Amino acid sequence: MLTTRFVNGAPNWIDVGTSDIDGAISFYDGLFGWRFQSAGPDAGGYGFFQLDGRTVAGAMQTGPEQGPPSWTVYFQSPDAEATAKAAEQAHGSVLVQPMDVMGEGHMAILADKASVPFGIWQPGRTKGVDAANEPGALSWVELYTPDMAAAAWFYHETLGLETAAVPFPGGTYTCVNPAGGGEDSMFGGIVSLADDPAEDTPYWLPYFEVTDAEATVAKTRELGGTIRVPATPIEGVGTIAKLADPYGARFAVIKSAPQQT
């Protein structure tokens, strides 16, 4: 599972780029109770979504030249420069070169073999988000890709990630974990685009934990968002829904099933 005891290869940050930062702030405040705090005058408008004083995500205004509004998942790297080079050697690309972020850490934006963007964060003063795997915070990530084997190879070469087939209603699900972490450290999955009619493009989809998936769906509609997949119970997993904010950034929510003891 995702935790804030970050290890290399696991997600440690997430942010949304949006065409309307004020509108996005209002939407996510209404949906999750997030409050926005600016990172300061030198941050180019970047800021933090906080829940009960803890940072759960970042946000910034973006223009058309930076692509459509979207969420970006960042994975922990011990060396941003080396990880960027590894991505290129694995036939990916570097979209934003590694850079220092005001002493808080080093970041870069990369893309995998299927041109799916993702970020890397080499911690400095900022280790990552302050909350994970609890209501209002990131709890899972899912890669939709046209070639699961190629994606698994790329992320193994770039981030050291490992995959495992896990029994799932109707078949198996490919889970992802950091190198050597095993089942307890699984933080996401890889899904073939061909297996999910709701998805039409390769990308990383973030899931946020909620206390009530149906209520979150209703609130999303009320706030002007889009219901891409309505609240759907999955045995042994919980209830999930795929949504988009009013500006098109896609995300999902999950009310996790109680863990078996």
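All of the points below concern the structure found in this document. (Residues numbered from 1 in each chain as written. Predicted model: local features only at pLDDT ≥ 70, side-chain atom pairs only at ≥ 80, totals over all residues. Heavy atoms only, no water.)

Some thoughts on the packing of helix 2 (residues 80-89) against helix 3 (residues 148-159)
Relative orientation of the contacting elements helix 2 and helix 3 amounts to 150°, with a least axis distance of 8 Å. As judged from the angle between their axes, helix 2 and helix 3 are roughly antiparallel. For the element pair helix 2 and helix 3, the recorded crossing hand is right-handed. Judged by residue contacts, Thr83, Ala86 and Ala87 of helix 2 engage Phe154, Glu157, Thr158 and Leu159 from helix 3. Tallied by class, the residues present in the contact of helix 2 with helix 3 amount to four nonpolar, two polar and one charged. (Axes fitted to C-alpha atoms, helices over the stretch in contact; angles between N-to-C directions. Helix = DSSP H or I, 4+ residues; strand = E, 2+ residues; numbered from the N terminus. Parallel < 35°, antiparallel > 145°, perpendicular 65-115°, else oblique. Left-handed = near helix turned anticlockwise from the far one by under 90°. Contact = heavy atoms within 4.5 Å. Nonpolar A, V, L, I, M, F, W, Y, C, P; charged D, E, K, R; others polar.)

Examining the packing of aromatic side chains
Enumeration over the complete set of coordinates arrives at 28 aromatic pairs. Pairing Tyr28 with Phe49 gives two aromatic rings, centres 5.7 Å apart and planes at 55°, and the pair type is tilted. Pair noted here: Tyr28 is in helix 1 (residues 21-32) and Phe49 is in strand 3 (residues 47-51), with a separation of 21 residues, a long-range link. Side by side, Tyr28 and Phe49 carry an identical accessibility label, which is buried. Ring plane angle 85° and centroid distance 5.5 Å describe the contact between Tyr28 and Trp71, whose orientation is recorded as edge-to-face. Here the residue Tyr28 occupies a position in helix 1, and Trp71 occupies one in strand 5 (residues 70-76), the gap between them amounting to 43 residues. Judged by relative accessible area, Tyr28 falls into the buried class, the value being 0%. With relative accessibility at 6%, the residue Trp71 sits in the buried group. (Phe/Tyr/Trp six-rings, centres within 6.5 Å; stacked < 30°, edge-to-face > 60°. Buried < 20%, exposed > 50% of the residue type's maximum accessible area, 1.4 Å probe, protein only.)

Focus: helix 3
Structural remark: α-helix, 3.6 residues per turn; residues separated by three or four positions point the same way. With 12 residues, helix 3 extends 16 Å between its outermost C-alpha atoms, agreeing within 8% with the 16 Å of an ideal straight helix rising 1.5 Å per residue. Taken together, the buried positions of helix 3 are occupied by Ala150, Ala151, Ala152, Phe154, Tyr155, Thr158 and Leu159. The residue sitting at the N-terminus of helix 3 and contributing the capping side-chain oxygen is Asp147; that oxygen lies 3.3 Å from the backbone nitrogen of Ala149. A positive phi of about 80° marks Gly160, the residue just after helix 3. (Expected span 1.5 Å × (residues − 1). Polar contact = N/O pair within 3.5 Å; in protein donor to acceptor, adjacent residues only side chain to side chain.)

Quick look at the pattern of salt bridges
This model, assessed by the stated rule, comprises seven salt bridges. The partner of Glu222 in a salt bridge is Lys219, with the nearest N and O atoms 3.1 Å apart. Placement of both Glu222 and Lys219 in helix 4 (residues 213-222) is noted, with a separation of three residues, approximately one turn of the helix. Lys219 gets classed as partly exposed once you look at its relative accessible area, which sits at 28%. (Salt bridge = Lys/Arg side-chain N within 4 Å of Asp/Glu carboxyl O.)

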